[in-house]
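# Chains, contacts and geometry: an overview
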Amino acid sequence: MCLFAHIAAGALVGAHAPSPYWAPLLGMGSHVALDIVPHYDFESVNLQLMLGIVMLAIVAAANGLDLSILLGSLFAALPDFENLLWRKGIITDERKVFPGHAGIIPHGRETGPENVLLQVAFSILVVIYLVRRSS
Ligand SMILES: [Zn+2]
């Protein structure tokens, strides 16, 4: 799944975390769940990072810096750091440790780029939800 969609999902589960202590675990759990779903990922690391940073800023602006939401978002994004290192050639595929990347949990099949529209729609709905929830 694209980084921005992971951040949106992490924000959503963070918003429902019983306390900020749970948000990192729920955020990482959301990453596993989304990686199982068939999806499309941008090849460009720079595009992924740029859209991820934009999404993180939108999430932060939408919820008034709620700690659980921010922790959920950041920890939902964190597992893709190893994908970044892998795509940059810094680590090999075998060095990946996150269950959804290392083959311990199956990774969803690759779909066409039109799947990004679903990820954008999902992310917009999450932002609308966060804005309505905080007002
Ligand atoms: Zn992933």
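Conventions used here
- Residues numbered from 1 in each chain as written.
- Predicted model: local features only at pLDDT ≥ 70, side-chain atom pairs only at ≥ 80, totals over all residues.
- Heavy atoms only, no water.
- Helix = DSSP H or I, 4+ residues; strand = E, 2+ residues; numbered from the N terminus.
- Buried < 20%, exposed > 50% of the residue type's maximum accessible area, 1.4 Å probe, protein only.
- Contact = heavy atoms within 4.5 Å.
- Areas by Shrake-Rupley, 256 points an atom, 1.4 Å probe, with all protein chains shown as cover.
- Lys, Arg positive; Asp, Glu negative; His and termini not counted.
- Charge placed at Lys NZ, Arg CZ, Asp CG, Glu CD.
- Polar contact = N/O pair within 3.5 Å; in protein donor to acceptor, adjacent residues only side chain to side chain.
- pLDDT = per-residue confidence, 0-100.

## Examining the overall build of the protein
Check the secondary structure of the protein and you find seven helices and zero strands. When the helices and strands of the protein are placed in sequence order, the string is α-α-α-α-α-α-α. Expressed as lengths along the three principal axes of its C-alpha atoms, the size of the protein is roughly 45 × 30 × 25 Å. Burial status across the protein gives 44% buried among its 135 residues. Pairs at least 24 residues apart make up 78% of the contacts formed inside the protein by residues separated by at least 6 positions. Just so you have it, the protein exposes about 7,400 Å², and 72% of that area is on carbon and sulfur atoms. Each charge class in the protein was averaged separately, 7 positive and 10 negative side chains, and the resulting centres sit 5 Å apart.

## What to know about the environment of Asp 35
Inspection of the secondary structure puts Asp 35 in helix H2 (residues 23-36). What makes Asp 35 buried here is its relative accessible area of 2%. Taking the C-alpha atoms as reference points, Asp 35 and Arg 132, separated by 97 residues in sequence, lie 27 Å from one another. With sequence-adjacent residues up to four places away left out, Asp 35 is seen in contact with Met 1, His 6, His 101, Pro 106, His 107 and Gly 108. Looking at Asp 35, its side chain comes within polar contact range of the main-chain nitrogen of Met 1, at 3.4 Å.

## Topic: the confidence of the model for the protein
When pLDDT is averaged along the protein, the result is 93, and 100% of the positions lie at 70 or above. Here helix H6 (residues 99-102) stands out as the least confident element of the protein, with mean pLDDT 86; helix H1 (residues 3-15) is the most confident, with 97.

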